[in-house]
Amino acid sequence: MGVEQKLGNMGVVTTKLEELVNWSRTNAMWPMLFGLACCAIEMMATQASNYDLSRFGMELMRASPRQSDLMIVAGRVTRKMAPVLRRLYDQMPDPKWVISMGDCASCGGVFNNYAIVQGVDEVVPVDVYVAGCPPRPEALIHGIVTLYEKVKGERIKDWA
Amino acid sequence: MSFVKDTLDGVKATFTGLATTFREMVRPPVTIQYPEEKRPVRPRFKGRHVLKRYDNGLEKCIGCSLCSAACPADAIFVESAENTDDERYSPGERYARVYEINMLRCIFCGYCEDACPTEAIVLGDNYELSFTDRRSSIYTKEFLIEPVPEGGKATPQKVEPGIYTRSVPAMKDPED
């Protein structure tokens, strides 16, 4: 953190550093292997050869939260699952991002009842919401591209 | 001699196994380069909603809220207001003053399409719905309504009294 804050007022150097860092982040963002319901099936399809998430630097899903940068919450989050989800999020190293995939994760979808968390943003901070029930693989890729646009806009002074 | 035979068997097995690899090397790749190249959707695909208009530019939606009643996820909110002949939005008595769909609630089941008596709401073929905040996932009438067709006038229109008294168009073929 110290270096970034020192670099914070160096003009063109930091701009180029920002671009480099954001470029590298968007080209090697590993998602966590973490599926909760039917959206996970579409997430698998996105990873498979027809849509091939490797084109976006997501070479493989990491099964460990300590090796992943991106959490794709794919599916409905039950009240019982919510603490586990938060724990997994806390175990991920910074910088980390969250995509809320599908209606159930984003706001409960049709499951407006006592068992389902009405939106995973009650538990973790969400960067991108993807609509669909479940979203097509293309829709998930669109969400990932939206996230990349957001990451490319990040600034050094906002880090940490 | 069994040593020679084992070696030859090993070589044969290696090439048998690699045959798949070599075959896949010359095959064209199956990957669809999504953001650049889009696979066309099926005719009955259910994507983002579109609110339709008649050819003269009047809105088909009459603000009856049947879609919102049919919606299993409670994603649609409709608030209707009265039409007058000086400010006419749709045929009949009422029109939808507020029409909002929460795209994150909607499960794209198409029940709203089935419930609509005027075929005003149709599920289109846009599936690219990603938002960075929940607020922008609520699509208002301005987002959903299709542009005024060629030769039509924008709403509200000033019309002659007594023409548009019927909110649901008369069906030519009830079987349809």
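Peer 1: Got a minute to help me understand the overall build of chain B in this structure?
Peer 2: Of the regular secondary structure elements, chain B holds four helices and six strands. When the helices and strands of chain B are placed in sequence order, the string is α-β-α-β-β-α-β-β-β-α. For chain B, the C-alpha radius of gyration of 28 Å lies well beyond 16 Å, the compact-globule estimate for 176 residues. Along the first, second and third principal axes, the C-alpha set of chain B runs to 105 × 35 × 30 Å. The proportion of buried residues among the 176 residues of chain B is 35%. Counted over contacts in chain B with a minimum sequence separation of 6, partners at least 24 positions apart contribute 76%. Here chain B displays about 11,400 Å² of accessible surface, and carbon together with sulfur accounts for 54% of that area.

Peer 1: Looking at this model, I keep getting lost on the pattern of salt bridges. Mind explaining?
Peer 2: Note on pairing: side chains with opposite charge can pair once their charged atoms come close. All names here are of chain A. As enumerated under the stated definition, the model contains 16 salt bridges over all chains in all. A salt bridge links Glu154 to Arg25; the shortest N-O distance between them is 3.6 Å. Remark: Arg25 occurs in helix α2 (residues 12–27) and Glu154 occurs in the segment after α6 (137–152); sequence separation between them is 129 residues. Accessibility expressed as a relative area gives 23% for Glu154, which makes it partly exposed. Among the ionic pairs, Asp127 bridges to Lys150, the shortest N-O distance being 3.1 Å. In this pair, Asp127 is assigned in the loop between α5 (102–107) and β3 (128–130) and Lys150 in helix α6, connecting sequence segments 23 residues apart. Take Asp127: its relative accessible area is 13%, and that puts it in the buried class. You can call Lys150 partly exposed: its relative accessible area is 33%.

Peer 1: I keep staring at the confidence of the model for chain B and nothing clicks. Help me out?
Peer 2: Detailed reading of predicted coordinates is not advised where the pLDDT is low. Per-residue confidence for chain B averages 89 on the pLDDT scale, and 98% of its residues sit at or above 70. Predicted complex metrics record ipTM = 0.82 and pTM = 0.85.

Peer 1: Help me understand the interface of chain A and chain B, please; the structure alone is not making it clear to me.
Peer 2: Where interface size is given, it is often the accessible area lost as the parts come together that is meant. Contacts between chain A and chain B engage 32 residues on the former and 25 residues on the latter. Carbon and sulfur atoms make up 56% of the surface buried where chain A meets chain B, a total of about 2,500 Å² over both sides. Run the count over chain A and chain B and you get 14 residue pairs in polar contact (both at pLDDT 80 or more). Elements supplying a minimum of two residues to the side of chain A that touches chain B: α5, β3 and α6 of chain A. Considering each element in turn, the side of chain A that touches chain B owes the most residues, eight residues, to α6 of chain A. A per-class count over the side of chain A that touches chain B returns twelve nonpolar, twelve polar and eight charged.

Peer 1: Help me understand helix α1 (residues 2–26) of chain B, please; the structure alone is not making it clear to me.
Peer 2: Owing to its 3.6 residues per turn, the α-helix aligns residues three or four sequence positions apart on the same side. Under the 1.5 Å per step criterion, the end-to-end length of α1 of chain B is 36 Å for 25 residues, consistent within 8% with the ideal 36 Å. Of all the bends in α1 of chain B, the greatest measures close to 35° and is centred on Leu18 of chain B.

Peer 1: Sorry, what's going on with helix α3 (residues 39–47) of chain A here?
Peer 2: Residues and elements named next belong to chain A. Those residues of α3 that fall on the buried side of the exposure criterion are Cys39, Ala40, Met43, Thr46 and Gln47. Burial along α3 is one-sided: seen end-on, the buried residues are contained in an arc of 110°. Across from the buried face of α3, at angles greater than 90 degrees, the exposed residues are Ile41 and Met44.

Peer 1: Can you walk me through the side chain of Ser90 of chain B in this structure?
Peer 2: For Ser90 of chain B, the location among the structural elements is in the loop between β2 (76–82) and β3 (94–102). With residues up to four places along the chain from it excluded, the contact list for Ser90 of chain B reads Leu58, Glu59, Cys61, Ile62, Asn83 and Tyr95 of chain B.

Peer 1: I would appreciate a short explanation of the packing of α3 of chain A against α6 of chain A in the present structure.
Peer 2: In a packed pair of helices, the relevant descriptors are the angle between the two axes and the axis-to-axis distance. All names here are of chain A. Contact pair α3 / α6: the axes reach a minimum separation of 9 Å and the direction vectors enclose 80°. The orientation of α3 with respect to α6, classified from their angle, is roughly perpendicular. Residues Glu42, Met43, Ala45 and Thr46 of α3 lie in contact with α6, whose contacting residues are Pro137, Leu140 and Ile141.

What counts and how
- Position numbers for residues start from 1 in each chain and track the written sequence from start to end.
- Written order decides the labels, with chains lettered from A and ligands numbered from 1.
- The model is predicted, so local features are restricted to residues of pLDDT at least 70 and side-chain atom pairs to those at 80 or more, both for listing and for counting; the totals for chains, interfaces and linings are taken over all residues.
- Hydrogens and water molecules were not included; the side-chain quantities draw on all heavy atoms of the structure.
- Only DSSP runs of H or I reaching four residues or more are called helices, and only runs of E reaching two or more are called strands; each is numbered from the N terminus.
- In this treatment the radius of gyration is a C-alpha quantity, and the globule benchmark scales as 2.2 Å times the residue count to the 0.38 power.
- Note on classification: 1.4 Å probe, protein chains only; a residue is buried when its accessible area is under 20% of the maximum for its type, exposed when over 50%, partly exposed between these limits.
- A contact between two residues is defined here by any heavy atoms of the two lying within 4.5 Å.
- A 1.4 Å probe and the Shrake-Rupley method give the accessible areas. Residues count as covered only by the protein chains that appear here.
- Salt bridges are defined by distance alone: a side-chain nitrogen of Lys or Arg within 4 Å of a carboxyl oxygen of Asp or Glu.
- pLDDT: the predictor's confidence for each residue, scored from 0 to 100.
- Two parts placed together each lose some accessible area under a 1.4 Å probe, and adding up what both lose gives the buried area.
- Contacts described as polar in this section are N or O atom pairs within 3.5 Å, which, within protein, must combine one atom able to donate a hydrogen with one able to accept it, while residues neighboring in sequence count only if both atoms come from side chains.
- Three classes are used, and their members are as follows: Ala, Val, Leu, Ile, Met, Phe, Trp, Tyr, Cys and Pro are nonpolar, Asp, Glu, Lys and Arg are charged, and the others, Gly among them, are polar.
- Residue count minus one, scaled by 1.5 Å, sets the expected span of a helix.
- Note that the bend at a residue is defined as the angle between axes fitted to the seven residues ending at it and the seven residues starting at it.
- The arc in question is formed by the directions pointing from the helix axis toward the C-beta atoms.
- The convention used is that axes are lines fitted to C-alpha atoms, helices contributing only their stretch in contact, and that angles between N-to-C directions extend from 0 to 180 degrees.
- Any angle from 65 to 115 degrees is called roughly perpendicular, while one under 35 is roughly parallel, one over 145 is roughly antiparallel, and all others are oblique.

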